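# Descriptive structure summary
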Amino acid sequence: MKSRDYTILALVVLMGVFVQALLVAASCKETPARAAEEFTRAYFNLDPAMTERMCADLQADEEAVDNLIHTAHMRAQARGFSPGYMRMHLFQVESSVLAQDEQTAQVHLNSEMRRNIHPAFAVFAKMWDLGESHQLDETLDLVKEGDQWKVCNHNLQIIM
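The structure contained in this document is the topic of the report that follows. (Residues numbered from 1 in each chain as written. Predicted model: local features only at pLDDT ≥ 70, side-chain atom pairs only at ≥ 80, totals over all residues. Heavy atoms only, no water.)

## Structural notes on the overall build of the protein
Regarding its fold elements, the protein presents five helices and four strands. Across the 160 residues in the protein, those meeting the buried criterion constitute 28%. Sequence-distant contacts, at least 24 apart, represent 61% of the contacts inside the protein between residues at least 6 apart. With the model as given, the accessible surface of the protein reaches about 10000 Å², and the carbon-plus-sulfur share is 56%. If you average the places of the 14 positive and of the 22 negative side-chain charges in the protein, the two averages end up 10 Å apart. (Helix = DSSP H or I, 4+ residues; strand = E, 2+ residues; numbered from the N terminus. Buried < 20%, exposed > 50% of the residue type's maximum accessible area, 1.4 Å probe, protein only. Contact = heavy atoms within 4.5 Å. Areas by Shrake-Rupley, 256 points an atom, 1.4 Å probe, with all protein chains shown as cover. Lys, Arg positive; Asp, Glu negative; His and termini not counted. Charge placed at Lys NZ, Arg CZ, Asp CG, Glu CD.)

Listed below in structure tokens is the structure:
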């Protein structure tokens, strides 16, 4: 190969690295839809980390999150299941921003959910159409606090 061929190859590789860096930067961008999806996934997975995507007003009521998780665990145990039975896995999440300004946004989420007893269970249940599927169709209100979008109002309910 001639040195000219190596130069072209090096330029192609560098361009590929540059495009990849742009794509990674774009995927890390903070958006209301991304924040709503992260909160909803954590909420239905009964993950205490959901508070990271809650606005300060909701975060102040730490007891509400603890009560939500405790109540879900108690209902599962009352039905003879482990606490993990109440967790849900979201599939085919479609989000759309209905309204947005600099400090507030309204995001509509549409998704299918299945039990997430074990991380692999929801995937296999979806593949072989096992278990019950639930539909999520909700609109969340978000506010921008600092440089992050946070959920400030929701009507989500854990499916029993």
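There's plenty left to go through after this.
## A few points about the pattern of salt bridges
On inspection of all chains with the given rule, the structure shows four salt bridges. Here Arg53 and Glu38 are joined by a salt bridge, their closest N and O atoms 2.8 Å apart. On the criterion of sequence distance, the pair formed by Arg53 in the loop between helix H2 (32–44) and helix H3 (56–59) and Glu38 in helix H2 is long-range, its members being 15 residues apart. The exposure class assigned to Arg53 is buried, which follows from its relative accessible area of 8%. One network of salt bridges, in which partners are shared, links Glu30, Arg34, Glu38 and Arg53. (Salt bridge = Lys/Arg side-chain N within 4 Å of Asp/Glu carboxyl O.)

## A word on unusual backbone geometry
Phi is positive for Leu46, which is not a glycine, with a value near 55°. Inspection of the secondary structure assignment puts Leu46 in the loop between H2 and H3. When its relative accessible area of 7% is taken as the criterion, Leu46 is described as buried.

## Things to note about the sheet that holds strand E4 (residues 148–153)
Across the sheet, four strands lie side by side as E1-E2-E3-E4; this open sheet has antiparallel pairing. Pairing within the sheet leaves two strands with one partner each, and these edge strands are strand E1 (88–100) and E4. Along the sheet, successive strands turn relative to each other by an average axial angle of 35°, direction set aside. Note: strand E2 (residues 104–115) against strand E3 (residues 134–145), 10 bridges, orientation antiparallel. Along E3, the bridge assignment pairs Asn110 with Asp137. (Pairing = 2+ DSSP bridges. Axes fitted to C-alpha atoms, helices over the stretch in contact; angles between N-to-C directions.)

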